[in-house]
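Here is what each chain is made of, one letter per residue.
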Amino acid sequence: PILKPGDWNALAHSAHRVLVGSESSPQLVIGYGYNLSTSFLFLTKDDLKNQGIQEIHEEAMKNIEEYSVKIEQSNHLPEPILLASGDDFSAEKLLSKSFLIEAQNKLGAEELVVSIPRRRCMMIGNRNSSKQTLEMFTKLHLIAWNEDNYGNAQIYNGLFIAKNGEIEGLIPLTGSNRES
């Protein structure tokens with residue numbers, strides 16, 4: 001799977017599922033395809049003639065569960081956060097139940113706050129951190145969202161709330177217009 005913003009230019013032709021929003025007004029979608037050596041080949045709606053979207057989705061979820069992404073702890077905020085950045089499918093690990101549970105255990109958290117502002121970028125914090133830590137976490141998200149230092153495409157300007165490996169909520173952030 002690959003996460004794409006709701007205004008993705010190939011949306012009308014792609015095999016996808018809406019993760020945030022609705023089919024008529026998508027904000028974040030899961031696109032499907034194959035990871036080639038130098039690119040990602042997306043499945044189109046024509047590919048759905050051979051395989052159903054549910055079957056494609058199940059295979060993609062199995063693949064993201066098996067895909068390994070390195071998690072590092074950062075102690076630069078008042079309380080620790082986790083970074084899972086740099087790998088091709090770092091942001092997509094948001095879809096991995098086992099990954100989210102591992103992060104929750106590493107932080108000793110009841111709930112997580114998860115940021116995926118750009119491709120190859122994920123930050124994870126304890127939802128019950130201090131106000132100061134959560135404000136700094138949000139500021140880091142907004143910096144990553146607004147600054148294109150590594151050439152990674154924007155994905156979503158908001159924070160996900162996760163518990164026990166499941167996305168339970170969403171905090172949309174203002175100024176969510178994509179770069180022009």
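Predicted model, so just to flag it, every value in this text is computed and none were measured.

**Q** Kindly report on a nonpolar patch on the surface, identifying the contributing residues and their values.
**A** There is a patch of nonpolar side chains on the surface, built from Y34, L36 and L41 and spanning about 290 Å² of accessible area. Its place among the elements puts L41 in strand β5 (residues 40–42). Its relative accessible area of 48% is what places L41 among the partly exposed residues.

**Q** Give me the side chain of R118: which residues, what numbers.
**A** As for its position among the elements, R118 is in the loop between β8 (112–115) and β9 (123–126). A polar contact is formed between the side chain of R118 and the backbone oxygen of E147, at a distance of 3.4 Å.

**Q** Can you tell me about helix α2 (residues 97–107), naming the residues and giving the values?
**A** Among the residues making up α2, those that are buried are F99, L100, A103, Q104 and L107. End-on view of α2: buried residues confined to an arc of 135°, all on one side of the axis. Lining the buried residues of α2 we find β7 (81–83), β8, β9, β10 (158–163) and β11 (166–172). A positive phi of about 60° marks G108, the residue just after α2.

**Q** Explain the environment of Y156 to me, and be specific about the residues and the numbers.
**A** Following the sequence through the fold, Y156 ends up in the loop between α3 (131–146) and β10. A relative accessible area of 6% means that Y156 is categorised as buried. Through-space distance from the C-alpha of Y156 to that of N35 is 21 Å; in sequence the pair is 121 residues apart. Apart from the residues lying within four places of it in its own chain, the contact partners of Y156 are V20, Q27, L28, I116, P117, H141, W145, L170 and P172. Engagement of the side chain of Y156 in a polar contact is seen with the side chain of Q27, the distance being 3.4 Å.

**Q** I'd like to hear about the pairing of β8, residue by residue, with values.
**A** Side chains L112 and V114 of β8 all project onto a buried face; the interleaved residues V113 and S115 project onto the opposite face, where all are buried too. Examined bridge by bridge, β8 and β9 share four bridges and lie antiparallel to one another. Its bridge partner being in β9, L112 is matched across the sheet by N126. In this sheet, β10 lies alongside β8 in antiparallel orientation, the contact comprising four bridges. In the strand pairing of β10, V114 is matched with F160.

**Q** Quick rundown of unusual backbone geometry? Include the residues and the values.
**A** Of note in the backbone geometry, R120 takes a positive phi value of approximately 65° without being a glycine. Judged by relative accessible area, R120 falls into the partly exposed class, the value being 27%. With a phi close to 55°, N164 is a non-glycine residue in the positive phi region. Tracing the sequence through the fold places N164 in the loop between β10 and β11.

**Q** Tell me what's going on with the nonpolar core, and back it up with residues and numbers.
**A** If you look at the biggest cluster of nonpolar residues, it comprises 35 residues, and the most contacted ones within it are L112, V114, I116 and I124. Only β1 (2–5), β3 (26–31), α1 (53–66), α2, β8 and β10 provide two or more residues apiece to this core. Filtering out sequence-adjacent residues up to four positions away, I116 remains in contact with L3, L28, A91, L94, C121, M122, I155, Y156 and F160. Among the nonpolar cores identified, the runner-up in size contains eight residues, and L77, I81, F137 and L159 belong to it.

**Q** Can you tell me about the sheet that holds β1, naming the residues and giving the values?
**A** Spatially, three strands are ordered β1-β3-β2 in an open sheet, and the strand pairing comes out antiparallel. Where the open sheet ends on each side, the last strands, each with one partner, are β1 and β2 (16–21). Direction aside, the axes of adjacent strands within the sheet are offset by 30° on average. Taken together, the four bridges between β1 and β3 define a ladder with antiparallel strand orientation. Across the sheet, the residue bridging to K4 is V29, located in β3.

Cut-off values and rules
Residues numbered from 1 in each chain as written. Predicted model: local features only at pLDDT ≥ 70, side-chain atom pairs only at ≥ 80, totals over all residues. Heavy atoms only, no water. Patch = residues over 30% accessible without salt bridge, like charges linked within 9 Å, V, L, I, M, F, W, Y side chains within 5 Å. Areas by Shrake-Rupley, 256 points an atom, 1.4 Å probe, with all protein chains shown as cover. Salt bridge = Lys/Arg side-chain N within 4 Å of Asp/Glu carboxyl O. Helix = DSSP H or I, 4+ residues; strand = E, 2+ residues; numbered from the N terminus. Buried < 20%, exposed > 50% of the residue type's maximum accessible area, 1.4 Å probe, protein only. Polar contact = N/O pair within 3.5 Å; in protein donor to acceptor, adjacent residues only side chain to side chain. Arc of directions from axis to C-beta. Contact = heavy atoms within 4.5 Å. Pairing = 2+ DSSP bridges. Core = buried A, V, L, I, M, F, W, Y, C linked by side-chain atoms within 4.5 Å. Axes fitted to C-alpha atoms, helices over the stretch in contact; angles between N-to-C directions.

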